[in-house]
Number of protein chains: 2
Amino acid sequence: MKLPEILNRKTVARSRLFKIETLDLLFSNGVERTYERLPAGSRQGVIVVAVNDKDELLLTREYAAGFHEYQLSLPKGAIDDSESAMAAGARELAEEVGFGANNVEFVKTLTVAPGHMGYEISVVFATDLYPNELEGDEPEPIELIKWPISELDTLIESDDFREGRAIAALALCKSRIERIQSRSPG
Amino acid sequence: MKLPEILNRKTVARSRLFKIETLDLLFSNGVERTYERLPAGSRQGVIVVAVNDKDELLLTREYAAGFHEYQLSLPKGAIDDSESAMAAGARELAEEVGFGANNVEFVKTLTVAPGHMGYEISVVFATDLYPNELEGDEPEPIELIKWPISELDTLIESDDFREGRAIAALALCKSRIERIQSRSPG
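Conventions adopted
- Each chain has its residues counted from 1, following the order in which its sequence is written.
- To read the labels, note that chains go from A and ligands from 1, taken in the order they are written.
- Local features in this predicted model are restricted to residues whose pLDDT is 70 or higher, and side-chain atom pairs enter the listing and the counts only when it is 80 or higher, whereas totals over whole chains, interfaces and linings include all residues.
- To get the side-chain values, all heavy atoms of the structure are used, and hydrogens and water are removed first.
- By convention in these notes, a salt bridge is any Lys or Arg side-chain nitrogen within 4 Å of a carboxyl oxygen on Asp or Glu.
- Helix and strand labels come from DSSP, where a helix needs a run of H or I of at least four residues and a strand needs a run of E of at least two; each type is numbered from the N terminus.
- Type-normalised accessible area, obtained with a 1.4 Å probe on protein chains alone, sets the label of each residue: buried when under 20%, exposed when over 50%, and partly exposed for intermediate values.
- Working rule for contacts: check all heavy atoms of both residues, and any pair within 4.5 Å makes them a contact.
- What gets called buried area is simply the loss in accessible area from a 1.4 Å probe that two parts show on being joined, summed for both.
- Two N or O atoms form a polar contact when they lie within 3.5 Å of each other; inside protein one atom must be a possible hydrogen donor and the other a possible acceptor, and for residues adjacent in sequence the pair counts only when both atoms belong to side chains.
- Note: two strands are recorded as paired if DSSP finds a minimum of 2 bridges between them.
- Axis definition: a line fit to C-alpha positions, over the contact stretch in the case of helices; interaxial angles, taken between N-to-C directions, run 0 to 180 degrees.

(A) Representation of the pattern of salt bridges within the structure. All names here are of chain A. A complete count under the given rule lists 32 salt bridges over all chains for this structure. As a salt-bridge pair, Asp 80 and Arg 91 come within 3.6 Å of each other at their nearest N and O atoms. A residue pair is termed long-range when its members are at least 10 positions apart, and Asp 80 in the loop between β7 (76-78) and α1 (85-97) and Arg 91 in helix α1 qualify at 11 residues. When salt bridges with common partners are traced through the structure, they connect Arg 43, Asp 80, Glu 83, Arg 91, Glu 92 and Glu 95 into a single cluster.

(B) Spatial organisation of helix α3 (residues 164-172) of chain B. In terms of residue burial, α3(B) counts as a mostly covered element, since nine of its nine residues are buried. All of the buried residues in α3(B) are Gly164(B), Arg165(B), Ala166(B), Ile167(B), Ala168(B), Ala169(B), Leu170(B), Ala171(B) and Leu172(B).

(C) How the structure looks around the interface of chain A and chain B. Listed as interface residues are 67 residues of chain A and, on the opposing side, 67 residues of chain B. Taken as a group, Met1(A), Glu36(A) and Pro139(A) account for 12% of the area that chain A buries against chain B, more than any other trio of residues on that side. Counting across the interface, chain A meets chain B through two salt bridges. Here Arg162(A) ties to Glu120(B) by a salt bridge, and the two come within 2.9 Å at their closest N and O atoms. Summed over the shared surface of chain A and chain B, the number is 30 residue pairs in polar contact (both at pLDDT 80 or more).

(D) Expanded view of the sheet that holds strand β9 (residues 120-131) of chain B. Residues and elements named next belong to chain B. One open sheet holds the four strands; their spatial order is β7-β4-β9-β8, and the pairing between them is mixed. Edge strands, defined here as strands with exactly one partner in the open sheet, are β7 (76-78) and β8 (99-111). For this sheet, the mean angle separating the axes of adjacent strands, direction not counted, is 25°. The sheet contact formed by β8 and β9 spans 11 bridges and is antiparallel. Among the inter-strand pairings, Ala 101 is bridged to a residue of β9, identified as Leu 129. Here helix α1 (residues 85-97) sits on the sheet in contact with β4 (45-50), β7, β8 and β9, set at roughly 120° to β8.

Okay, here's the thing in C-alpha cells:
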C-alpha cells in the first residue's frame, strides 16, 4: 500500500505530558481525511515479566488513574534517556517491587493503540532475582503479588487482570516460562 | 489499598477526539500528586478474532496514524451507542474485511494504558463466517490477510505483528482456536 501524503500537520492541544496533533492526509485513492493522534513522546515504556526462584511471577497492584482504581498488572515504567529497555526494566523492578535481576532478556516492542498513538512499550523477561530496593517516583509503595507460574492461564483469563499489554507480555514469554517450569524439580 | 482522594479534577486540553484532564490526588499516606489522564470517552472499542472455515485467521493491514505506516492487526473499531460489543465486532468485520459471522462470542474487556487512559476494548471471537460487505467509514479499502491458525505462534512472535491488544486478543482466544484445529480433518 502507498502511504497517504501528509498535507498538513499541526499541534492542536498540549498538556504537561501529552501533545495532540492533527494530520491532514491525502490517501492514494484521492480521499482526504484529518486524523488526530498523540505522537511518540521522547520516552517509551518498558514492562517486566519477572519470575523468582520459587516459580512465581511478580505482579503489582497499582493505582491506575485512567480508571481511578487499583489494578493488577506487571512492573512497568518509562525508559529514561540513554537507558536500554533491559536496564529500564531492571530499574523498574527494583523501584516497584524491590528486586534486582541477574538475567534480563529483551522480548519484543509492542504498540499500544497505533491508530491514535505513537507510543511503544518493550517487554523484557527477568529471572535470577535478588533483593534490591531502589527508590522510585511512586507516590506510595506498590503492592507486590506473587503468582505461581503453574497458574498462568488462570491469571490471563481472570477478570482482575485485564491490561492488554500485560496479557500480551505474558503470552510472549510463555515458552520462556514453560522452560523454567520444565526445569523445576516439583 | 485505600483509593487516593481526588482533591481537584480539571480539563486542561481538548481536541475533536481527545480530552486531557488533571487529577490532583491525595494518597492515603499523605503524599499529594497531580496526574494527567485521558478519561474514558463515550465510545469504547472492539477487536475481532475471526477464523474462517479454512482455519485461517483474518488479519488486516491498515494505516496506523500513530506511526504513519501500514501495520498488521486484527479487525477493530469503535462500539456505537446502543450496540453490544458482539454486534459491533460483527459490523466491523463486515466493514473492514467483508465477512459476517453466524457465531460471535464475547471473550474479555481489556484496558490499553490504564495509568493514563480510561479507554477499554472488548475482544470478541467470530466463527461460521459468510461473505457480507458493509460500507464503513474507512478512507480506503483495508487489506485482508489470511493467516493459518496452525501458524499462530509464528504470528505472535513476528516483528510485523506488534500491537499489544491484538496479541492479547489472540492469547485469550487460544483455547477456542485450538478447539477448531482439533476438529479439523487435516
